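A structural walkthrough
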Amino acid sequence: MSTVIDGKAFAAGLRERVAQAVKIIGSQNGIKPGLAVVLAGEDPASQVYVRNKGKQTAEVGMNSFEHKLPMDTSERELLALVARLNNDAAVNGILVQLPLPTHIDESKVINSIRVDKDVDGFHVENVGKLFIGEDSLVPCTPAGCLMLLKDHIGDLTGKNAVIVGRSNIVGKPVSVLLLREHCTVTIAHSRTRDLPAVCRQADIVVAAVGVPELVKGDWIKSGAVVIDVGISRVKGKDGKSKLVGDVDYAAAMEVADGVTPVPGGVGPMTIACLLRNAVIATCRQHGIEIPSVIT
Ligand code: NAD
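About the criteria used
- Residues numbered from 1 in each chain as written.
- Predicted model: local features only at pLDDT ≥ 70, side-chain atom pairs only at ≥ 80, totals over all residues.
- Heavy atoms only, no water.
- Salt bridge = Lys/Arg side-chain N within 4 Å of Asp/Glu carboxyl O.
- Buried < 20%, exposed > 50% of the residue type's maximum accessible area, 1.4 Å probe, protein only.
- Helix = DSSP H or I, 4+ residues; strand = E, 2+ residues; numbered from the N terminus.
- Expected span 1.5 Å × (residues − 1).
- Near = heavy atom within 4 Å.
- Polar contact = N/O pair within 3.5 Å; in protein donor to acceptor, adjacent residues only side chain to side chain.
- Areas by Shrake-Rupley, 256 points an atom, 1.4 Å probe, with all protein chains shown as cover.
- Nonpolar A, V, L, I, M, F, W, Y, C, P; charged D, E, K, R; others polar.
- Domains from an automatic or database assignment.
- Pairing = 2+ DSSP bridges.
- Contact = heavy atoms within 4.5 Å.
- Axes fitted to C-alpha atoms, helices over the stretch in contact; angles between N-to-C directions.

What about the pattern of salt bridges?
Throughout the structure, instances matching the rule amount to seven salt bridges. Note that E66 and K68 form a salt bridge whose closest N and O atoms lie 3.6 Å from each other. Judged by its relative accessible area of 35%, E66 falls in the partly exposed class. Across the salt bridge formed by D116 and R114, the nearest N and O atoms sit 2.8 Å from each other. Take D116: its relative accessible area is 31%, and that puts it in the partly exposed class.

The structure is reproduced here in structure tokens:
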């Protein structure tokens, strides 16, 4: 019998623990963490996402600073804003919502964020630290995947993990995190030969592709655990639009030990991990201990 891995419930619990951590550092150190989110342009999905981030940031007791810039903002103006936030003591975490308008060099902007305020963990120095196993700010979606896996499985040592997708924001960092947990990691991608056979070897499948229901039930080994990161909007049989993941959920539930649903699996973990990163960043900047409720 397969278990639904309930990311929504786990994320709610994590946000509660983040709120406790915020209270602890407030009462013991008189510090209130601040998270700044920068949105350039009017992408509807990004607007919803930024609104949710702002709401959840305030709900856990942190200061939320939102900077909404028009689509035609120049790279120079955006870099100047990041520089101001870098120097603002009330801002402990900075997130620049991606994608940026095409006339702006994304990596230049991301790498202009102060490394210790880079709560998305995309700065090249944080990426490097993750790879060599030093303390860093870990990208939020991959961190969320790892938390759900550890909560469901426990010790991951020796597990065969197949990551489908090799993006810098999900596939690659998830692979590194699982390697750090002593998994044997295979990274599969669009040029992988016989992807079904590769997936069938896996005790853990993490699908981060963006192709609706690519991973079929007969690609999953009996008893495997499946983390579905993909989110795609498709038309259902009734003609209504719905969200689906990269995995054929119903078929995977027939064979797997546990599967994350879409929606309600990995998605809610991302913002919860972002809030956790903001608290971690605050503690490191002030040289104070990270409250154990979130470690
Ligand atoms: P991406 O487009 O940057 O990367 C997709 C990867 O999938 C590539 O490495 C590519 O090689 C691989 N790929 C493409 N087609 C393939 C195929 N047919 N077979 C095997 N591999 C294939 O995407 P991304 O940014 O990593 O996002 C992946 C999915 O995860 C998207 O649906 C995205 O919306 C979702 N996502 C969700 C969250 C969240 O839940 N919070 C966060 C980030 C991304």
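A short note on helix α10 (residues 267-286)
Given a rise of 1.5 Å per residue, 20 residues ought to cover 28 Å, and the 30 Å separating the end C-alpha atoms of α10 matches this to within 8%. Burial runs high along α10: 15 of the 20 residues are buried. Immediately beyond the C-terminal end of α10, within one or two residues, lies G287, with a positive phi of roughly 65°.

Some details on the site of the ligand
Around the ligand lies a shell of 19 residues, among which R166, S167, H189, I231 and T270 are the nearest. At 3.4 Å, a backbone N or O of V229 approaches an oxygen atom of the ligand. In isolation the ligand offers 860 Å² of accessible surface; the protein chains occlude 70% of this area. When its residues are assigned to classes, the shell around the ligand shows nine nonpolar, nine polar and one charged.

Observations regarding the domain arrangement of the protein chain
How big an interface is tends to be stated in terms of accessible area lost as the parts join. Annotation of the protein chain at the domain level lists domain 1 (30-117) and domain 2 (140-266). A C-alpha centroid distance of 29 Å is found between domain 1 and domain 2.

A closer look at the sheet that holds strand β1 (residues 3-4)
The strand order β1-β11-β8-β7-β5-β6 describes an open sheet built from six strands, whose pairing is parallel. Strand pairing shows two members of the sheet lacking a second neighbour, β1 and β6 (184-188), which therefore form its edges. Examined bridge by bridge, strand β7 (residues 204-207) and strand β8 (residues 225-228) share four bridges and lie parallel to one another. Within β8, the position partnered with V206 by the bridge is I227. Of the strands in this sheet, β1, β7, β8 and β11 (258-259) are in contact with helix α6 (residues 140-153), which crosses β8 at around 155°. Packing of helix α7 (residues 171-180) onto the sheet brings it into contact with β5 (160-164), β6 and β7, and relative to β5 it is tilted by some 170°.

With respect to the side chain of N86
Following the sequence through the fold, N86 ends up in helix α3 (residues 75-86). The contacts of N86, once residues within four sequence positions are left out, are I94, S112, I113, R114 and K117.

Let's talk about the sheet that holds strand β4 (residues 93-96)
If you trace the three strands from one edge of the open sheet to the other, you get β3-β2-β4, paired in parallel fashion. Every other strand in the sheet has two partners, leaving β3 (63-69) and β4 as the edge strands with one partner each. When the angles between neighbouring strand axes are averaged without regard to direction, this sheet yields 15°. Where strand β2 (residues 34-40) meets β3, seven bridges bridge the pair, whose relative direction is parallel. Each bridged residue has a counterpart across the sheet, and for L39 the counterpart in β3 is K68. Strands β2, β3 and β4 of the sheet are contacted by helix α2 (residues 44-59), whose axis makes an angle of about 170° with β2.

Section: the environment of V244
Within the secondary structure, V244 is located in strand β10 (residues 241-244). Of the residues examined, V244 reaches a relative accessible area of 6% and is grouped as buried. On a C-alpha basis, the gap between V244 and R180 in space is 30 Å, while along the polypeptide they are 64 residues apart.

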